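A closer look at the structure
Single-letter residue listing:
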Amino acid sequence: YRFFGEPVVEACVENGASCIDISGEPQFLEGMYLKYNEKAAEKGVYVVGSCGFDSIPADMGVLYTRDKLKGTLTAVESFLSVKSGPEGVAVHDGTWKSAVYGLADEDSLKKLRKQIGYAPVPVVGAKLKKRGFLFYSPEFKEYCITFMGSDGSVVKRTQRYLHTELQQTPVQYGAYVTLGGLGTVIKLMFMGMLFLLLVKFNFGRKLLTKYPKFFSGGYFTEEGPTQKQMDGTSFTMTFFGEGYSEGQDPQKGKPNVKICTEVKGPEPGYIATPIAMVQAGLSLLEDAASLPKRGGVYSPGAAFSKTKLIDRLNKRGVEFSVISKPEV
């Protein structure tokens, strides 16, 4: 999307067509907001980015968790677990290249955000503690790391919109991914350090993009996954939410209600992503009365919070459910 996405957005906006994409690149997504939000609003069209696995499960999952809690949800942490069959997991190297170019150009994203001039999102309720980059989760009995994808930035954009435009209580959010045991952690840390070292230099980026299979330990390939690999892979995203019961002031005292929800589905990149994208497209067409009043460039949660998108996804195999609602 960094190299080829903008002409599509520009053509759609100029010709009065709404547009969705499956980008997971914050720089592209937020760049399109800066450039085309006002034009899209004038034309009455909706440009909704990140409508694939990045970041519909996370963004809509937070809203689902909020709606299922009796009270005010103030903080959520999500944990992504990907399970694979005997054939293992593979991802096409296009995703790898997005990560290479995105990390190499981090400074531009900071400048872009300054240009946009985002209003800070207020912290309501107890401040969500930031975890270390690597930690052990007793709930999953696995090591976990911060999720490096676009989910965190997409959810924040949604929460900012819902707070500023609809006066809803903003939800703090932390995104993590489970890794497994110590052996996996050591292997991934070695590959991660090599990646971060090489991505800083032009020759390093050339090496990373030329030999994705070697530098990712076979995970990213030019061929992408086989049908057997896709059939054997699934994901679960677990959300742990906390907040304040009905009638309780979220600005006073500690959170006194918790909730655990889940979004699960088939292989994320090539099966769940098209399901999410097509259902987002149908929501754009068929739930028009429930979309934001004016057009513009939106995150999925901002565009679809009042639509039937979650119901549509549930019927197509990307399932949202409540796991538990512990009492006070």
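Looking at an unreviewed UniProt entry, one finds the protein chain named SCPDL oxidoreductase and attributed to Hippolais icterina.

**Considerations on the pairing of strand β3 (residues 72-83)**
Burial within β3 is extensive, with nine of its twelve residues counted as buried. Where β3 and strand β9 (residues 234-244) come together, eleven bridges link them in antiparallel fashion. Counterpart to Leu73 in the pairing with β9 is Gly243. Sheet analysis places β3 next to strand β7 (residues 172-180), joined by six bridges and oriented parallel. Its bridge partner being in β7, Leu80 is matched across the sheet by Val177.

**Notes on the sheet that holds strand β1 (residues 19-20)**
Pairing is parallel in the open sheet, where three strands are placed in the order β1-β2-β11. Edge positions in the sheet fall to β1 and β11 (296-298), since each has one partner strand and no second. Here three bridges tie strand β2 (residues 46-48) to β11, and the two strands are oriented parallel to one another. Following the sheet pairing, Val48 is matched in β11 by Tyr298. Along the sheet, helix α2 (residues 26-43) contacts β2 and β11; its crossing angle with β11, the most-contacted strand, is approximately 145°.

**Here we look at the sheet that holds strand β5 (residues 134-137)**
On the basis of which strands lie adjacent, the open sheet formed by seven strands has the order β5-β6-β7-β3-β9-β10-β12 and mixed pairing. Two strands lie at the open edges of the sheet, namely β5 and β12 (319-324), each paired on one side alone. When strand polarity is set aside, the average angle formed by the axes of neighbouring strands in this sheet is 30°. When β9 meets strand β10 (residues 257-266), the two strands line up antiparallel, connected through ten bridges.

**A closer look at empty space enclosed by the protein**
Following the criterion strictly, the structure yields one cavity of 30 Å³ or more and no others. Estimated volume of the largest cavity: approximately 40 Å³. In this structure, the largest cavity is lined by Val9, Asp21, Phe28, Leu29, Met32, Val47, Val48, Gly49 and Val297. Breaking the lining of the largest cavity down by element, the ones donating at least two residues are α2 and β2. If one sorts the elements of the lining of the largest cavity by residue count, α2 sits on top with three residues. Classifying every residue of the lining of the largest cavity by side-chain character gives seven nonpolar, one polar and one charged.

Thresholds, definitions, all that
- Residues numbered from 1 in each chain as written.
- Predicted model: local features only at pLDDT ≥ 70, side-chain atom pairs only at ≥ 80, totals over all residues.
- Heavy atoms only, no water.
- Buried < 20%, exposed > 50% of the residue type's maximum accessible area, 1.4 Å probe, protein only.
- Helix = DSSP H or I, 4+ residues; strand = E, 2+ residues; numbered from the N terminus.
- Pairing = 2+ DSSP bridges.
- Contact = heavy atoms within 4.5 Å.
- Axes fitted to C-alpha atoms, helices over the stretch in contact; angles between N-to-C directions.
- 1 Å grid on protein atoms, 1.4 Å probe; cavity = no way out; pocket = protein on both sides within 12 Å on 5 of 7 lines; lining within 4 Å.
- Points joined across faces, edges and corners; volume = space filled by probe spheres on them.
- Nonpolar A, V, L, I, M, F, W, Y, C, P; charged D, E, K, R; others polar.

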